[in-house]
Amino acid sequence: MKRFKLVTMITMVVSFLLPVFSSSSVASASSPSCGKQLTIGIDTDFTGDLGSFGQTDVNGFQLAVSQINSSHALPAGWVVKTKVSDAQGKSTVAIQLATQMIQAEHASFIVGPASTEIVGMVNLAARYKVPIISQFAGTITLNTLGGKWIYRTIASDAYDGKAAALWLYQQHAKSIVVLIGNDQSTVSVAHTTQSSLTGFGGSVKKSIMFTPGQSSYQATVADAIAAQPGYIFLAGGQADGTTIVKELRNGGYKGPILVSSDMVVPQVLSQLGSSGSQKLYGEEPVSDVQAAAYKLFARAYTAKFHSQPGLFSANSYDAVMLGVLSAVAARSTCGSAINSKIYAVANPPGTAVSNFKQAANILSKGGTINYEGASGTINLDKSGTAQGAYAIVLAQSGNWHQVKFYSSSTFK
């Protein structure tokens, strides 16, 4: 899951939030087999290409922890502690941090890794028997590797690709050129978009791969413009994607551009300006804002942070809720015990419930629940992946505005 290097600002955010997450909170109820401390490792990006999502994700995690601690519904004497670290958008750093969280902090479960990072953690999670839950790792690689110790509260990039393809098909888009950043997340979105478009009856005129991290993409842009595109689908990160859009416009391409969700952030529009944002669309995973669970979450989020929820804040909130409710269901802070209850908590049968206190009380009495998340229905498939809704947004007056909504049932 998105991404300018707002290093100074985000470093200040992390410094401010570290005391909140490093402190312990005691709640009330029973004695777990691995002890009474439940440590949540938060291993996500505050710097690097995904750094601009750090604040959004931290707010979602923080709200969930706050509500859990204030519920007084945890097993007696349990201590909820969190350890937060910056993965910097680097798989090696994320894996090292996860290892430290497990070995030194005795993390019960970990949340936060992005696509490339979590793929590198599959063996780690299995070796230490600690579940890892991501709020934004959409890579299709997890379609086969996930579901045993790896989970996600976001849908697979396969559905990002299907949403992008369906919208392009519905626009009767012709001469589509696809530009693909050579990265785990963007490659999976682009490939699914192309195959889905073919399935709908459309086609791609040309597909061009580029290497992220360059100062200029003139050769890539020239190749794309030479193909005389009617539409361009750009699957790239924030930094490289913004550069490519600027160079496309400077090179004379005036047609519509649809970008992948990694670029659907305000920072991209501020960098592009009004001229660069013309006919700029994006696809993104979204919550159903009409759902009761989301409305409750959004009110609580706004009251606490004095802002509207960001792109993955609801998914972040659900990742923590899913892990802690699984611990309550297992009556244990052991990673293996928590892992054994994740599907039971997330999926039917059971009482459909969104509120933590209500859910914990049902579990404490031996009942079963079906957690309905703020981000949507958290029914995990065999790959440990939640369902998801999607939207197509349009850049207007410096903001992204939704122009099309696809519910989670659209692509079943």
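Enquirer: For this particular structure, what's the right way to read empty space enclosed by the protein?
Expert: The gaps of empty space that remain are located by a probe, the size of a water molecule, rolled over the atoms. Quantified by volume, the largest cavity comes out at close to 70 Å³. Ile-154, Val-286, Asn-315, Ser-375 and Gly-388 are, among the 14 residues lining the largest cavity, the residues nearest its centre. Residue composition of the lining of the largest cavity, by class: six nonpolar, eight polar and no charged.

Enquirer: So what exactly am I meant to see when it comes to the pairing of strand β11 (residues 280-286) here?
Expert: Within β11, seven of the seven residues are buried, leaving the element largely enclosed by the surrounding structure. Relative to β11, strand β10 (residues 257-259) runs parallel, the two being bridged by three bridges. Residue Ile-257 lies in a different strand from β11, and its bridge partner there is Leu-280. What joins β10 to β11 is helix α11 (residues 266-276), and the crossover it makes is right-handed. For β11 and strand β14 (residues 389-396), the ladder comprises six bridges, and the chain directions are antiparallel. Bridge pairing in β14 links Glu-284 to Ala-391.

Enquirer: Teacher, can you tell me more about the state of the cysteines here?
Expert: What is meant by a disulfide is a covalent connection between two cysteines, made through their sulfur atoms. Scanning the model with the defined rule gives one disulfide in all. Linked covalently through their sulfurs, Cys-34 and Cys-334 form a disulfide whose S-S length is 1.4 Å. Negative torsions about the S-S bond denote left-handed disulfides, and the value of about 85 degrees found for Cys-34 with Cys-334 makes this one right-handed. Taken as a pair, Cys-34 in the loop between β1 (24-28) and β2 (37-44) and Cys-334 in the loop between α13 (313-330) and α14 (335-346) lie far apart in primary sequence, 300 residues in all.

Enquirer: Got a minute to help me understand the layout of surface pockets in this structure?
Expert: The volume enclosed by the largest pocket comes to roughly 800 Å³. For the lining of the largest pocket, the secondary structure elements donating two or more residues are α1 (7-22), α2 (54-71), α11, β11, α12 (292-305) and β15 (399-406). If one sorts the elements of the lining of the largest pocket by residue count, β15 sits on top with four residues. A per-class count over the lining of the largest pocket returns 18 nonpolar, 14 polar and one charged.

Enquirer: How do you make sense of helix α10 (residues 238-250) when you look at a structure like this?
Expert: For the α-helix, the turn length of 3.6 residues means that residues three or four positions removed from each other point alike. Taking 1.5 Å as the rise per residue, α10 with 13 residues should run 18 Å; its terminal C-alpha atoms sit 18 Å apart, in good agreement. On the buried face of α10, the contacting elements are β7 (176-181), β8 (204-210), α9 (218-226), β9 (231-235), β10 and α11. Gly-252 lies just past α10 and shows a positive phi near 105 degrees.

Enquirer: How do you make sense of helix α7 (residues 157-170) when you look at a structure like this?
Expert: Its 14 residues place the ends of α7 20 Å apart at the C-alpha level, agreeing with the 20 Å of an ideal helix rising 1.5 Å per residue. Burial analysis of α7 places ten of its 14 residues in the buried class, which makes it a mostly covered element. Two residues or fewer after α7 comes His-172, characterised by a positive phi angle close to 55 degrees.

Enquirer: I keep staring at the sheet that holds β8 and nothing clicks. Help me out?
Expert: The strands that make up a sheet are held in pairs by hydrogen bonds between backbone atoms, and each pair lies either parallel or antiparallel. An order of β8-β7-β9-β10-β11-β14-β15 is seen for the seven strands of this open sheet, with the pairing classed as mixed. Edge strands, defined here as strands with exactly one partner in the open sheet, are β8 and β15. Within this sheet the neighbouring strands show an average axis-to-axis angle of 25 degrees, counted without direction. Both β9 and β10 contribute to a ladder of three bridges, which runs parallel. Counterpart to Ile-232 in the pairing with β10 is Ile-257.

Enquirer: Is there a simple way to explain the side chain of Thr-186 in this structure?
Expert: Relative to the helices and strands, Thr-186 resides in helix α8 (residues 184-200). Residue Thr-186 is classed as buried on the basis of its relative accessible area of 4%. Here the side chain of Thr-186 touches Asp-183 through a polar contact of 3.3 Å, landing on its backbone oxygen. The residues touching Thr-186, leaving out its near neighbours within four places in the chain, are Ile-180, Gly-181, Ala-235, Gly-236, Gly-237, Ser-260 and Asp-262.

Enquirer: Sorry, what's going on with the packing of aromatic side chains here?
Expert: Two descriptors summarise a pair of aromatic rings, namely the distance from one centre to the other and the angle between the planes of the rings. The final tally for this structure, using the stated rule, is ten aromatic pairs. Summarising the aromatic geometry, the rings of Trp-167 and Tyr-231 are spaced 6.4 Å apart at their centres and angled 75 degrees between planes, so their arrangement reads as edge-to-face. Here Trp-167, found in helix α7, pairs with Tyr-231, found in strand β9; they are 64 residues apart in sequence, far enough to count as distant. The two residues Trp-167 and Tyr-231 agree in class, both being buried. On the numbers, 5.9 Å between centres and 55 degrees between planes, the contact of Tyr-294 with Phe-297 is tilted. Of the two residues, Tyr-294 and Phe-297 both sit in helix α12, three residues apart, roughly one turn of that helix. The same class applies to Tyr-294 as to Phe-297, namely buried. Chaining the aromatic ring pairs together yields one cluster made of Tyr-294, Phe-297, Tyr-301, Phe-305 and Tyr-317.

Enquirer: Just checking my understanding: could you explain the nonpolar core for this structure?
Expert: The nonpolar side chains of a soluble globular protein tend to be buried with one another. Core analysis: the biggest nonpolar cluster contains 50 residues, and Ile-40, Val-111, Val-320, Val-324 and Phe-356 have the highest contact counts within it. Sort the elements by how many residues they give to this core and α13 lands first, with eleven residues. In this view, Val-324 contacts Ile-40, Ile-68, Leu-74, Phe-109 and Phe-356; residues no more than four positions away in its chain are not counted. In this structure, Phe-53, Val-245, Leu-269 and Ala-395 belong to the second largest nonpolar core, which totals 33 residues.

Enquirer: Mind showing me how you'd approach the packing of α9 against α10 here?
Expert: It is at 10 Å that the axes of α9 and α10 come closest, and there the two elements cross at 50 degrees. One way to sum up the angle between α9 and α10 is to call them oblique. Handedness of the α9/α10 crossing: right-handed. Counting all contacts with α9, which are made through Gln-218, Val-221, Ala-224 and Ile-225, the residues of α10 involved are Ile-244, Glu-247 and Leu-248. Per-class residue counts for the contact of α9 with α10 are five nonpolar, one polar and one charged.

Thresholds, definitions, all that
- Residues numbered from 1 in each chain as written.
- Predicted model: local features only at pLDDT ≥ 70, side-chain atom pairs only at ≥ 80, totals over all residues.
- Heavy atoms only, no water.
- 1 Å grid on protein atoms, 1.4 Å probe; cavity = no way out; pocket = protein on both sides within 12 Å on 5 of 7 lines; lining within 4 Å.
- Points joined across faces, edges and corners; volume = space filled by probe spheres on them.
- Nonpolar A, V, L, I, M, F, W, Y, C, P; charged D, E, K, R; others polar.
- Buried < 20%, exposed > 50% of the residue type's maximum accessible area, 1.4 Å probe, protein only.
- Helix = DSSP H or I, 4+ residues; strand = E, 2+ residues; numbered from the N terminus.
- Pairing = 2+ DSSP bridges.
- Right-handed = clockwise from strand over helix to strand, strands pointing away.
- Disulfide = S-S within 2.5 Å.
- Expected span 1.5 Å × (residues − 1).
- Contact = heavy atoms within 4.5 Å.
- Axes fitted to C-alpha atoms, helices over the stretch in contact; angles between N-to-C directions.
- Polar contact = N/O pair within 3.5 Å; in protein donor to acceptor, adjacent residues only side chain to side chain.
- Phe/Tyr/Trp six-rings, centres within 6.5 Å; stacked < 30°, edge-to-face > 60°.
- Core = buried A, V, L, I, M, F, W, Y, C linked by side-chain atoms within 4.5 Å.
- Parallel < 35°, antiparallel > 145°, perpendicular 65-115°, else oblique.
- Left-handed = near helix turned anticlockwise from the far one by under 90°.

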